[in-house]
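# Observations on the model geometry
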Amino acid sequence: MKKPFVTQQQIERITNEYPTPFHIYDEKGIRENARLLHKAFSWNKGFKEYFAVKATPNPFIMQILKEEGCGMDCSSYTELLLSDAAGIAGKDIMFSSNVTPPEDYLLAHKLGAVINLDDVTHIPFLEELCGIPETISCRFNPGGAFAIDNAIMDTPGEAKYGFTREQLTEGFKLLMSKGARNFGLHSFLASNTTANEYYPVLAQILFETAVELHRETGAKITFINLSGGVGIPYRPEQHKTDILTVGEGVRKAFESVLVPAGMEDVAIYTELGRFMLGPYGALITTAIHEKHIYKEYIGVDACAANLIRPAMYGAYHHITVLGKESEPCDHVYDITGGLCENNDKFAINRHLPEIQKGDFLYIHDTGAHGSAMGYNYNGKLRSAELLLREDGSVSLIRRAETPDDYFATFDFSGLFN
Ligand SMILES: *Cc1c(COP(=O)(O)O)cnc(C)c1O
């Protein structure tokens with residue numbers, strides 16, 4: 001059973017001030033989870049989580065994570081500005097970009113961020129722009145298929161990211177010749193993976209590669225970045241990743257590969273997004289219409305512009321009808337938004353309790369890659385983001401867009417001349 005972190009009564013109170021739809025985040029859940037992650041990796045002296053800003057680009061959320069000891073993983077100019085605005089700069093920013101425009105590297109350099117290069121050709125590109133920093137990281141793509149216990153999780157060989165194995169050796173040598181002293185190694189091989197083995201298997205690959213690179217080039221490797229990809233149980237029958245077991249699995253690989261190679265000072269970094277925020281956010285929407293044609297539809301006041309994952313990937317998001325948690329799920333509905341796109345459905349053939357107009361629907365697990373992926377198709381406006389504080393109070397951490405925001409990028413002076 002998936003349990004909402006707010007009740008119907010709370011949402012009724014909140015909607016007196018803030019109308020639906022809105023995303024709401026749970027500060028208590030975010031902090032407890034961040035502490036558990038740090039506990040899982042407490043065996044590693046230099047451990048640091050760089051929160052993937054793209055998952056939930058809100059400075060109030062970033063501030064909470066900063067207080068819990070996290071840095072920020074950015075991949076664009078605006079994300080860098082956002083980190084800086086939230087008071088997070090210098091080595092507390094990991095800049096893991098790809099297809100990077102020159103101005104992005106220049107800003108990352110200016111803020112003193114750690115730069116994680118996506119490609120060997122970015123070495124001369126960066127050098128020409130601002131020189132090679134002392135500390136630098138490279139992203140590894142081992143190619144082929146990535147498997148855990150013979151089950152294929154993803155196909156890095158088809159992914160646009162990273163250096164090949166040969167390019168890493170070449171790149172490290174080139175970077176050393178240009179003044180780099182401290183090296184990082186990064187890889188992201190599978191997305192939304194709840195298997196406890198993901199990080200340990202990835203860590204084994206990266207640790208072995210780091211030892212080889214150190215032997216081949218003499219480079220001093222100071223950190224290994226396991227990146228993001230740890231998943232969350234979107235479906236009620238899925239198991240949660242046991243992060244303590246994950247941390248222990250990474251420790252074992254560390255002890256068996258890095259320690260014997262004399263590399264026990266290597267720091268472990270992560271760039272988690274979904275795992276840090278996903279379960280601690282929900283989209284609250286009101287049922288505004290019911291429609292009976294060839295199927296039963298419930299129309300809600302949110303749409304794919306507020307949460308695109310179901311429309312984009314057919315992603316499952318669990319739905320709870322608030323106040324009807326213990327009623328039988330004896331109705332079958334498509335839950336739809338109002339975009340002129342038939343894929344604007346939060347759920348298809350979903351078994352739910354009978355829904356009346358005015359009911360609040362709690363769409364689970366929208367804390368990461370939820371509001372962040374919002375857009376303005378059909379003139380729909382992004383909804384507000386609220387934060388449920390630990391003391392039970394609620395703060396508006398981003399107001400809803402208004403038509404003025406939509407119009408802000410037009411200059412009408414040129415239209416009527
Ligand atoms: C998206 C991304 C992440 C975070 O991924 P999650 O699946 O949200 O954990 C981390 N690092 C990089 C480089 C990314 O692109």
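Calculation rules
Residues numbered from 1 in each chain as written. Predicted model: local features only at pLDDT ≥ 70, side-chain atom pairs only at ≥ 80, totals over all residues. Heavy atoms only, no water. Helix = DSSP H or I, 4+ residues; strand = E, 2+ residues; numbered from the N terminus. Domains from an automatic or database assignment. Contact = heavy atoms within 4.5 Å. Buried area = accessible area lost by both parts, 1.4 Å probe. Polar contact = N/O pair within 3.5 Å; in protein donor to acceptor, adjacent residues only side chain to side chain.

Another point: unusual backbone geometry. For the bond running from Thr20 to Pro21, omega is 0 degrees, close enough to zero to count as cis. The topology assignment puts Pro21 in the loop between helix H1 (8-17) and strand S1 (22-26). Residue Asn192 is not a glycine yet carries a positive backbone phi of 50 degrees. Looking at where Asn192 falls in the secondary structure, it is placed in the loop between strand S9 (182-186) and helix H8 (198-217).

Moving on, we come to the domain arrangement of the protein chain. Many descriptions give the size of an interface as the accessible area lost when the pieces come together. In terms of domain boundaries, the protein chain breaks down into domain 1 (8-22 + 279-407) and domain 2 (28-278). If you average the C-alpha positions of domain 1 and of domain 2, the two centres end up 32 Å apart. Of the residues lining the interface, 19 residues belong to domain 1; the matching set on domain 2 comes to 24 residues. Contact between domain 1 and domain 2 buries roughly 1900 Å² in total, counting both sides, with carbon and sulfur atoms accounting for 58%. Three residues stand out in domain 1 for area buried against domain 2, namely Tyr280, Tyr316 and His369, and they jointly supply 33% of the buried area on that side.

Here we take up the environment of Thr100. Following the sequence through the fold, Thr100 ends up in the loop between strand S4 (93-96) and helix H5 (102-111). A C-alpha to C-alpha distance of 29 Å links Thr100 and Gln204, two positions 104 residues apart in sequence. Setting aside residues no more than four positions away along its own chain, Thr100 makes contact with Phe95, Tyr105, His122 and Phe125. Engagement of the side chain of Thr100 in a polar contact is seen with the side chain of Ser97, the distance being 2.6 Å.

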